[in-house]
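Coordinates in review
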Amino acid sequence: MSLHFIEFELNGRQIEGTAEARRTLLDFLRGDAGCTGPHAGCEHGVCGACTVLVDGQAVRSCLMLAVQANGKKVETVEGLASGPDELHPVQQLFREEFALQCGFCTPGFLMTLVALDRAEPRPDAAEMREALSGHLCRCTGYQGVLRVVDRLAEDRK
Amino acid sequence: MKMTGEQRIAAPIEAVWAALNDADVLRACIPGCQSLEPEGDDGFKAAATIKVGPISARFGGTVKLFDRVPPHSYRISGEGSGGAAGAAKGGADVRLVADGDATVLHYEVAAEVTGRLAQLGGKLIDITAKQLAGVFFARFSQEVVKRQAEAPAPAPAAARTEQATADRPTITSVPRPAAVPLPVPAGSGGVPVGIGVLLLLAALIGGFILGRTAAGWDGTGGLAGAAVGLLVIVVAAAAFLLGQRAERPTTTVSLDADTIARLASAMERQHG
Amino acid sequence: MKAAPFDYIEAGSADEAVFLLGEAGTDAAVLAGGQTLMPLLALRMATPTVLVDINPADDMAGIARTGEGVRIGARTRQAAALRDPIVARHLPVLGEALSHVGHYQTRARGTVGGSIALGEPAAEQPAVAVALGASIELRSSRGTRQVPAREFYLGPYATTRADDEVVIAIHFPEWPASSHIVFHEVARRRGDFALVGLVMLLDVRDARVERAGIAWFGMGPTPVAATTAEQALTGAAIADIDPRELAHLALAEVEPSEDLHASAHYRRTVAARIFERRFRTLAGGITA
């Protein structure tokens, strides 16, 4: 069992800490960095609730070790809104389209859509839908999310 | 699940029997075997770790022998536990038949599976069992032949071997009484232990593999399948029983030399 | 759902990875994208003592044309391969296969070499390697060797890779850009493993088959090359081929597995149908 000193940028802030080799990025974010936005659902890469951005890529934080985030740039749902009264455009669309019920899966959906929203060339609605197949919603609230996708795709034209 | 097969070993029946009852030989031949200790007069306790690609399963179990007719046949039943992977019961019939200077070892493994594992059924369990059996027999044949060549047997053993050789024509028709003295070391496991352990391991690992496709692992992030596999094993693997319900379909696993060599070399590499 | 303790070492290059794996012994595992290994660790189905992380080994990533075809570094991310112009132009069938691998989020980490090395029998990438006749470059402190994909897979997760060997790259041979490709996967949901999967490449000149590469996945303990059908096709005029008979030949090597998801009979039936249908369409396009 090895112990590692790690340092990375989290939502624009530089953080550091010590992690056992086996500690996942998800557990480190929630337990050590105080970011409880990424949710621990299945913890083996199926549900998508733990999705975060690492160097701009949407990845499952339960399938990455904390030590692997060393020197990287990590973004979680906490870093999306620019202020207490100002939602990120994707969050705003979620609100307007009632795209969440219990909210457990929402941070994952948001992070994937934010990554797609920034991607160049910009994906169309079909590609976004395909990407969302990596997220499970137990409330079966997909219709609202798909309305968000349609509006995002529309906005881009 | 049923698995039958046979293996020709280039050594006389007495030598094969002796090797089957030698814990050292078995320990060396069972893939991933970590320990094999006699337990009571008629049983063995075994622990093994099996690696299939990235997956490894640690397994501990006990095997009891009965209906022993040296040097011709055994029956066994065994049960074991794979820790988090679950528990299993199984059994096998083993017969040795002299064939010229060689011995043909017939085995018949029966596994009655109930619960959800029974729904899974599965060739993949067979494949894993076949792989493990293949490695076991490849090593076992090698070991017996090597011992034959190396060890000039001590006088009494040699006498017995001669006797066996002389008797051979009648052996197949007249089973020897069990009282005939044989070079059996303390405890008497034999292929039963080997096959018992192999079978149970195969079931456990097969369960993982079967469960997997529910969602998938390969970069799909879908390990729900593996979880299903685990649950299934925990819930249902407790029900291997010997020789039940003969109407179950029989899978005949025939091991040709090529397959054995191929599998054995692959497994050797995996198990070091 | 938490991994058992292990040590972690970073490999900054292919050479370092080879050295570290050689030193670490048989209980070490290579961590590539981690999209299979991490769940196995979490479930404690895999309990290595050391992880050798090849993610920092940038020399193991990248796609390049060589004299013989296309070389894909083992640590190339699936997402990167999916949008790579060389893949799009010279290995379109791999591109199509990759779009079926996992999900957007797992492809961002998952690697081509990781999937090839694992040998999941229902996975897409090993089947593409088998169909195209790719070879796998393995390196250890004992040296480098290239193993044809058709000889690499022995059983579920069992390959000819030794414990101390690192998969360095996959070499795909050149197929003419005009080759006809078929990639067909039957699965319950996108991203699931295949119940039945088919990869087929036909190099056709003047309505005659020059070369054929066919592999099945999800149909047995390994990806299976349909060599009987390949041989039957080679040199044959497209117009002379009976698609139904060919579909029958294509299943000669296959012994489908039977599990909770599908019976062997189902797999065989579906495989024959999709083969026949896809071949008919393809042949129709050529002879029209």
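Residues numbered from 1 in each chain as written. Chains lettered and ligands numbered in written order. Predicted model: local features only at pLDDT ≥ 70, side-chain atom pairs only at ≥ 80, totals over all residues.

1. Quick look at the overall build of chain A
Here is the rule: Secondary structure elements are taken from DSSP: a helix is a run of H or I of four residues or more, a strand is a run of E of two residues or more, and numbering for both begins at the N terminus. Two residues form a contact once the distance between their C-beta atoms, set from the backbone, is within 7 Å.
Helix and strand content of chain A: 5 helices and 5 strands. Counting from the amino terminus, helix and strand elements in chain A follow one another as β-β-α-β-β-β-α-α-α-α. Oriented by its inertia axes, the alpha-carbon framework of chain A measures out at about 50 × 30 × 30 Å. When contacts within chain A are restricted to residue pairs at least 6 apart in sequence, long-range pairs at least 24 apart make up 58% of them.

2. Brief notes about the overall build of chain B
So the rule is basically this: Neighbour density around each residue's C-beta defines its exposure: 20 or more other C-beta atoms within 10 Å make it buried, 12 or fewer make it exposed, and counts between make it partly exposed, where C-beta atoms are placed from the backbone.
A count of helical and extended segments in chain B gives 8 helices and 8 strands. Within chain B, buried positions represent 53% of all 272 residues.

3. Examining the pairing of strand β1 (residues 3-10) of chain A
Residue and element names in this part refer to chain A. Stated precisely, the cut-off is as follows: When DSSP locates at least two bridges between a pair of strands, those strands are taken to pair.
The pairing of β1 with strand β2 (residues 13-20) spans 8 bridges and is antiparallel. Following the sheet pairing, F5 is matched in β2 by T18. The antiparallel hairpin formed by β1 and β2 contains 2 residues in its connecting segment, where N11 sits at a positive phi of about 50°. Two strands pair when backbone bridges link them, and β1 and strand β5 (residues 73-75) are joined in this way by 2 bridges, in the parallel orientation. Directly across from E9, in β5, lies its bridge partner K73.

4. Structural notes on the pairing of strand β5 (residues 69-73) of chain C
Residue and element names in this part refer to chain C. By the bridge criterion, 3 bridges tie strand β4 (residues 63-65) to β5 in an arrangement that is antiparallel. The residue bridging I63 from the neighbouring strand is I72, located in β5. Counting the residues that bridge the hairpin from β4 to β5 gives 3 residues.

5. So, the sheet that holds strand β11 (residues 180-186) of chain C
All names here are of chain C. This is how the line gets drawn: Think of each axis as a best-fit line through the C-alpha atoms, taken over the contacting stretch in the case of a helix, with angles from 0 to 180 degrees between the N-to-C directions.
One open sheet holds the 4 strands; their spatial order is β11-β12-β13-β14, and the pairing between them is antiparallel. Of all the strands in the sheet, the pair left with one neighbour each is β11 and β14 (224-225). For β11 and strand β12 (residues 196-205), the ladder comprises 7 bridges, and the chain directions are antiparallel. Considered in β12, the bridge of H180 is made with L202. Docked against the sheet, helix α12 (residues 264-287) engages β11, β12 and β13 (208-217), running at close to 25° with respect to β12.

6. Things to note about the nonpolar core
Condition: One nonpolar core equals one set of buried Ala, Val, Leu, Ile, Met, Phe, Trp, Tyr and Cys residues connected by C-beta atoms within 7 Å.
Counting residues in hydrophobic clusters, the biggest one holds 158 residues, and the most contacted among them are A17(C), V52(C), A131(C), I170(C), V199(C) and A215(C). In this structure, A11(B), L105(B), L132(B) and V135(B) belong to the second largest nonpolar core, which totals 41 residues.

7. Considering the environment of N70(A)
Residue and element names in this part refer to chain A. Tracing the chain through its elements places N70 in the loop between β4 (57-60) and β5. Residues N70 and A40 lie 30 residues apart in sequence; the distance between their C-alpha atoms is 21 Å. For N70, the residues in contact, after removing those within four places along its chain, are I6, E7 and F8.

8. Some points on the packing of helix α11 (residues 243-250) of chain C against α12(C)
Residue and element names in this part refer to chain C. For the record, the criterion: Throughout this description, any angle smaller than 35 degrees is read as roughly parallel, any larger than 145 degrees as roughly antiparallel, any in the 65 to 115 degree range as roughly perpendicular, and the remainder as oblique. A crossing counts as left-handed when the near helix is turned anticlockwise from the far one by less than a right angle, and as right-handed when that turn is clockwise.
Axis separation between α11 and α12 bottoms out at 9 Å; the angle between their running directions is 135°. The orientation of α11 with respect to α12, classified from their angle, is oblique. Once α11 is placed against α12, the crossing between them reads as right-handed. In this structure, α11 uses P243, R244, L246, A247 and A250 to contact α12, whose residues at the interface are A272, F275, E276, F279, R280 and A283.

9. Section: the sheet that holds strand β10 (residues 166-173) of chain C
All names here are of chain C. Strand order in the open sheet formed by 5 strands is β4-β5-β10-β6-β7, with antiparallel pairing between adjacent strands. Looking at which strands have only one partner, the edges of the open sheet turn out to be β4 and β7 (143-148). Adjacent strand axes in the sheet meet at a mean angle of 20° when their direction is disregarded. Where β5 and β10 come together, 5 bridges link them in antiparallel fashion. Within the sheet, the bridge partner assigned to G73 lies in β10 and is A169. Relative to the sheet, helix α1 (residues 14-24) contacts β6 (135-140) and β10, its axis offset from that of β10 by approximately 130°.

10. Section: the environment of A177(C)
Relative to the assigned elements, A177(C) resides in the loop between β10 and β11. Sequence separation between A177(C) and P92(C) is 85 residues; the distance between their C-alpha atoms is 8.7 Å.

11. Considerations on α11(C)
Residues and elements named next belong to chain C. Worth spelling out the cut-off: Summarising the geometry, the arc corresponds to the directions from the helix axis toward the C-beta atoms.
Among all positions in α11, only L246, A247 and A250 are buried. The buried side chains of α11 occupy one side of the element, clustering within an arc of 105° when seen end-on. Buried residues along α11 sit in contact with β13, α10 (227-233) and α12.

12. A few points about unusual backbone geometry
Residue and element names in this part refer to chain A. Following E120, the chain continues to P121 via a peptide bond in cis, the omega torsion being -5°. By the element assignment, P121 lies in the loop between α3 (106-118) and α4 (125-132). Despite not being glycine, E43 has its phi angle at roughly 60°, a positive value. With respect to the helices and strands, E43 occurs in the loop between α1 (25-32) and β3 (51-54). Its identity as a non-glycine residue notwithstanding, F98 has a phi of 50°, on the positive side. Relative to the assigned elements, F98 resides in the loop between α2 (89-96) and α3.

13. Thoughts on the packing of α2(A) against α3(A)
Residue and element names in this part refer to chain A. It is at 9 Å that the axes of α2 and α3 come closest, and there the two elements cross at 130°. Taken as axis vectors, α2 and α3 run oblique relative to one another. By crossing handedness, the relation of α2 to α3 is classed as right-handed. Packed against α2, whose contacting residues are V90, Q91 and F94, the element α3 presents T106, L110, L113, V114 and D117 at the interface.

14. Focus on the confidence of the model for chain B
Residue and element names in this part refer to chain B. Defined as follows: The quantity known as pLDDT measures the predictor's confidence residue by residue, on a range of 0 to 100.
Looking at chain B, the pLDDT average stands at 59 and 42% of residues meet or exceed 70. Mean pLDDT values over the elements of chain B span from 27, in helix α7 (residues 224-236), up to 86, in helix α1 (residues 13-20). For residues 207-256, every residue scores under 50 in pLDDT, and the model assigns this stretch 166 contacts once sequence neighbours within four places are set aside. This prediction of the complex comes with two scores: 0.78 for pTM and 0.95 for ipTM.

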